[in-house]
Amino acid sequence: MVGIGNSGDRTADEVQRRRRRARSFGARAADYAAHRPDYPEAGIRWALEALGGKEGVVVLDLGAGTGKLTAGLLAAGVEVIAVEPDAGMRTELVRLYPGVTALSGAAEAIPLADGTVDAVLAGQAFHWFDQARAFPEIARVLRANGVFAAFWNNDDDKVEWVAGLREVSRSSASFPPSSSDDPLPAHPLFAPFEYAEFAHSQRRTAASLTASIGTNSHTVIISAQERAEVLGRILDYLHATPETAEGEFDFPLRTEVIRTVRRPDTPR
């Protein structure tokens, strides 16, 4: 999983880099909307499974970005409230999904009343949260037995050419590779987390996959010169790789999902 651990063991430089990366997306909001992948329907169903298919479900998409997870939630037939701290990302979300309530806010300060939603979901966002502050806020806005789940779309680097792509995509702002053995998060307000993984893919070309990687925060915060070098290296690699050299192809992804339920016997 992508950096779900707490920040206590990070150096000051790493903490500062994470802050820069977390705040970088607005500058590329339109590209993010155009090129980031969605989330698999099966993963969304699994995340919401504990709600038992009840009617009138209200879900908070926390750190909603441009609405990549919002789209899947709407397709699942639930009501969505989106909370996103970046104005540029929110603008894209509202443009794409004008019927969705989109609010300025963050995981550490959610602009909703107590017990407002049945579920809180976070797509490609939980690793940016300050968990010590976010967990109580998430628990506060959840109804009794409400669900919290987080999603990550990751390159399927078990595929040889995808593993090679990951190597050539690294920049000076990349984080060290994360371990698949990272422990699941835990908090006394929530039951133990569960984990599941879902096969996923995105239809791409060499150019559009390069553009997708160009929305990753580590490629956004580097200098213009290094960004051009990194993206050029990626495009050259894809043009030289038989699976991606010409036309469209399916880019293999693994969608990781963690889920939990708010403990009903704990105070807000």
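Let me sum up the structure you'll find in this document. (Residues numbered from 1 in each chain as written. Predicted model: local features only at pLDDT ≥ 70, side-chain atom pairs only at ≥ 80, totals over all residues. Heavy atoms only, no water.)

### Details of the sheet that holds strand β6 (residues 194-204)
Judged by pairing direction, the sheet is mixed, and its 7 strands sit side by side in the order β3-β2-β1-β4-β5-β7-β6 without closing on themselves. Only two strands of the sheet have a single partner each, and these edge strands are β3 (101-103) and β6. Averaged over neighbouring strand pairs, the angle between their axes works out to 25° when direction is ignored. The pairing of strand β5 (residues 142-155) with strand β7 (residues 249-261) spans 9 bridges and is classified as antiparallel. Residue pairing across strands places F148 opposite T260, the latter belonging to β7. (Pairing = 2+ DSSP bridges. Helix = DSSP H or I, 4+ residues; strand = E, 2+ residues; numbered from the N terminus. Axes fitted to C-alpha atoms, helices over the stretch in contact; angles between N-to-C directions.)

### Considerations on the packing of aromatic side chains
Summed over all chains, the structure comprises 13 aromatic pairs. Measuring from ring centre to ring centre gives 5.6 Å for F126 and F129, while their planes differ by 80°; the resulting arrangement is edge-to-face. Of the two residues, F126 and F129, both sit in the buried class. Pairwise contacts between aromatic rings join F126, F129, F135, F148, W152, F190 and F193 into one cluster. Here the guanidinium or amino end of R259 rests over the ring plane of W46, the centre of that ring lying 3.9 Å away. (Phe/Tyr/Trp six-rings, centres within 6.5 Å; stacked < 30°, edge-to-face > 60°. Buried < 20%, exposed > 50% of the residue type's maximum accessible area, 1.4 Å probe, protein only. Lys NZ or Arg CZ within 6 Å of the ring centre and 35° of its normal.)

### Quick word on the environment of K68
By secondary structure assignment, the location of K68 is in helix α4 (residues 68-75). Apart from residues lying up to four places away in sequence, K68 is in contact with Y32, A33, R36, P37, D38 and Y39. A distance of 2.7 Å separates a polar side-chain atom of K68 from the backbone oxygen of A33. Engagement of the side chain of K68 in a polar contact is seen with the backbone oxygen of R36, the distance being 2.8 Å. (Contact = heavy atoms within 4.5 Å. Polar contact = N/O pair within 3.5 Å; in protein donor to acceptor, adjacent residues only side chain to side chain.)

### Focus on the pairing of strand β1 (residues 58-62)
Of all 5 residues in β1, 5 are buried, a share of seventy percent or more. Side-chain alternation along β1 places V58, L60 and L62 on one buried face and V59 and D61 on a second face that is also buried. Looking at chain direction, β1 and strand β2 (residues 79-83) are connected through 5 bridges and run parallel. Residue pairing in the sheet places L60 in a bridge with I81 of β2. Considered for its hand, the β-α-β crossover made up of β1, α4 and β2 is right-handed. (Right-handed = clockwise from strand over helix to strand, strands pointing away.)

### Digging into the nonpolar core
Counting 27 residues, the largest nonpolar core has L60, L62, V117, V120, I138 and F148 as its most contacted members. If you list the elements that add at least two residues to this core, you get β1, β2, β4 (117-123), α6 (131-141) and β5. Counting residues per element, this core draws most heavily on α6, at 5 residues. Setting aside its immediate chain neighbours within four residues, L62 contacts V83, A106, A107, I110, V120, L121, A122, G123, A125, F129 and I138. Grouped together as the second largest cluster of nonpolar side chains are 24 residues, I44, L48, V78 and V147 included. (Core = buried A, V, L, I, M, F, W, Y, C linked by side-chain atoms within 4.5 Å.)

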